[in-house]
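One-letter residues, chain by chain:
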Amino acid sequence: SLAKARSYDPTFEVGEIAEEEITPSNFGRIAAQKAKQIILQKLKDHERSMLYETYSEKKDDIVTGTIQRIEYKNGRDGEEKVIHIELGRIDGILRQKEQVEGESYKVYDRLKAYVVEVKDKGKKKSQEPCVILSRSHPNLVRRLLEMEVPEIQNGTVEIKSIAREAG
């Protein structure tokens, strides 16, 4: 209240900030570390949820990114080539089944990809959301045409259907 603030300094006015240090008697080093950890975890959780919301809105849209690394993983179906693409504050994954056959990918290449799905890690709270990308999805062509052709953008021309055999 203004009366309590003026008890510390009589020049205080409405809208100014009065600070008072409050340290409980049982607030030791361990309790301070625990409070710090909880606050940092809440901040990370909030940032993770903001990333998920941001990229959920980009589902079924085209994003541009830079290839960061190319991995070869052994899975049920044999060796799989997985490409990790930096999309800004988050990485996207381009699995082999979503790549165009015959297209070569190199680290630091920039490419456009279609956002197929955005997965929230759920139980694994320590990880960021996962953005699944595609270069072979038929809607990639649709979105590219919508971006590049003004007649499609303003509705003069309508795309009824697309058939695509990627590669």
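Residues numbered from 1 in each chain as written. Predicted model: local features only at pLDDT ≥ 70, side-chain atom pairs only at ≥ 80, totals over all residues. Heavy atoms only, no water.

### Some thoughts on helix 2 (residues 29-56)
Piece 1. Under the 1.5 Å per step criterion, the end-to-end length of helix 2 is 40 Å for 28 residues, consistent within 8% with the ideal 40 Å.
Piece 2. Arg48, Leu51 and Tyr55 are the residues of helix 2 that are buried.
Piece 3. The elements touched by buried residues of helix 2 are strand 4 (110-119) and strand 5 (130-134). (Helix = DSSP H or I, 4+ residues; strand = E, 2+ residues; numbered from the N terminus. Expected span 1.5 Å × (residues − 1). Buried < 20%, exposed > 50% of the residue type's maximum accessible area, 1.4 Å probe, protein only. Contact = heavy atoms within 4.5 Å.)

### Remarks on the pairing of strand 5
Piece 1. Burial runs high along strand 5: 5 of the 5 residues are buried.
Piece 2. Side chains Cys130, Ile132 and Ser134 of strand 5 all project onto a buried face; the interleaved residues Val131 and Leu133 project onto the opposite face, where all are buried too.
Piece 3. With 3 bridges connecting them, strand 3 (residues 91-94) and strand 5 associate as parallel partners. Each bridged residue has a counterpart across the sheet, and for Ile93 the counterpart in strand 5 is Ile132. (Pairing = 2+ DSSP bridges.)

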